[in-house]
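Structural characterization, general
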Amino acid sequence: MTAAALPRKGLSLPGASRYAIFFVLVAVYLAGLAVSPAFAEPNYIFNILRQIAPVGIAAIGVTLVMILGGVDLSVGAVISLTAVLAATLMGGDPANIAPAILVACATGLGIGLLNGIIVAFSRVSPFILTLGMGVAVIGLTQMFTGGTAKGIVAPGFREFFNFRIGGLMPVLALALLLLACVGLFIEKATTFGRQLFLVGTNRATAILSGLPVRGVTIAAYALSGLFGALAGIALLARSGVSSTVAGQGLEFQVLAAVVLGGTTFVGGRGGIAGTVAGTLVLVIAFNLVNIGGLPYQMQLVVMGSIIILASALYGRISERVG
């Protein structure tokens, strides 16, 4: 076969497509530098990490589910419920901080576990199931709160998470990075992580190979619920105020970050590192439109357009280098 007859694949770099989102991140960051010198300041970068912590933390759990070939649309509702629940249980008393966090985490874990069990033992679509679960959780949150803000954040809770280590890095930003490392460890260094990719790549083959597909499915959704609860706690720490709609719409930002990071709905590909990069692309884009002084409605249009363009660029790079 002559060289001319060989298929053209652009840049022949095996597996390089997984790094496409990082090229996109660099491009968006350079655009930020061109617009504002603030993007060169460490304090500003750490503020960005603090700002995106709730979405980034939730996206870690959703990434695990989507590698499996599923999806979790209930994460926004879980964020709202666990934030309100934690604030209510704190009741303004520092002694209640640890129990409040534990109960909130157990609640998110329980919702995720229920999602996983239903997905594993029924033929219901994960999209429809988690959408319905999200609606139900929103209803429970409204019933619990009466539709108004409830609970008092304990003194010291918000101060701890917003404390800057070395005068630079907020604890909340560090928490995001540490949880991303936990997600990477699960993905790269555990049998469970490898099983996620195997099930996501070909569920039927995984079943025939004797993999515990149902157990893996349940565990993935349970982790998504847990990370959703941690995101709710992070949101409460960032804002200091509980709200019944605190997580409303965040599920779409979470999904955008995960998909932008290269984890597709078909399963079997992607990962936590790409999700973190995708999350950063989103928050930098949002900061760019804020710097432009655009009204909120236009900010949504511009940010959505940036997401589309970034996704198209990612796909183009993947096509050329994959």
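Use the structure listed above.
Residues numbered from 1 in each chain as written. Predicted model: local features only at pLDDT ≥ 70, side-chain atom pairs only at ≥ 80, totals over all residues. Heavy atoms only, no water.

Our focus in this paragraph is the overall build of the protein chain. What the protein chain contains, in helices and strands, is 13 helices and two strands. In the protein chain, which comprises 322 residues, the proportion classed as buried is 48%. In the protein chain, once contacts between residues fewer than 6 apart in sequence are set aside, the share between residues at least 24 apart is 77%. (Helix = DSSP H or I, 4+ residues; strand = E, 2+ residues; numbered from the N terminus. Buried < 20%, exposed > 50% of the residue type's maximum accessible area, 1.4 Å probe, protein only. Contact = heavy atoms within 4.5 Å.)

A few words now on the pattern of salt bridges. Between side chains of opposite charge, a pair can form when the charged atoms approach closely. Under the defined criterion, the tally for this structure stands at one salt bridge. In this structure, Glu187 engages Lys188 in a salt bridge whose closest nitrogen and oxygen atoms are separated by 3.3 Å. (Salt bridge = Lys/Arg side-chain N within 4 Å of Asp/Glu carboxyl O.)

Here we come to a nonpolar patch on the surface. A grouping of Val124, Phe127, Ile128, Leu131 and Val135 is seen on the molecular surface, where their side chains present a nonpolar patch of about 440 Å² in accessible area. With respect to the secondary-structure elements, Ile128 resides in helix H5 (residues 126-145). According to the relative accessible area criterion, Ile128 is exposed, its value standing at 51%. (Patch = residues over 30% accessible without salt bridge, like charges linked within 9 Å, V, L, I, M, F, W, Y side chains within 5 Å. Areas by Shrake-Rupley, 256 points an atom, 1.4 Å probe, with all protein chains shown as cover.)

This part is about the packing of helix H4 (residues 97-121) against H5. Running from N to C, H4 and H5 cross one another at 145°; their axes reach a closest spacing of 10 Å. When the axes of H4 and H5 are compared, the crossing they make is right-handed. Across the interface between the two elements, Ile111, Leu114, Asn115, Ile118 and Val119 from H4 touch Pro126, Leu129, Thr130, Met133 and Val137 from H5. Of the residues assigned to the contact of H4 with H5, the class counts are eight nonpolar, two polar and no charged. (Axes fitted to C-alpha atoms, helices over the stretch in contact; angles between N-to-C directions. Left-handed = near helix turned anticlockwise from the far one by under 90°. Nonpolar A, V, L, I, M, F, W, Y, C, P; charged D, E, K, R; others polar.)

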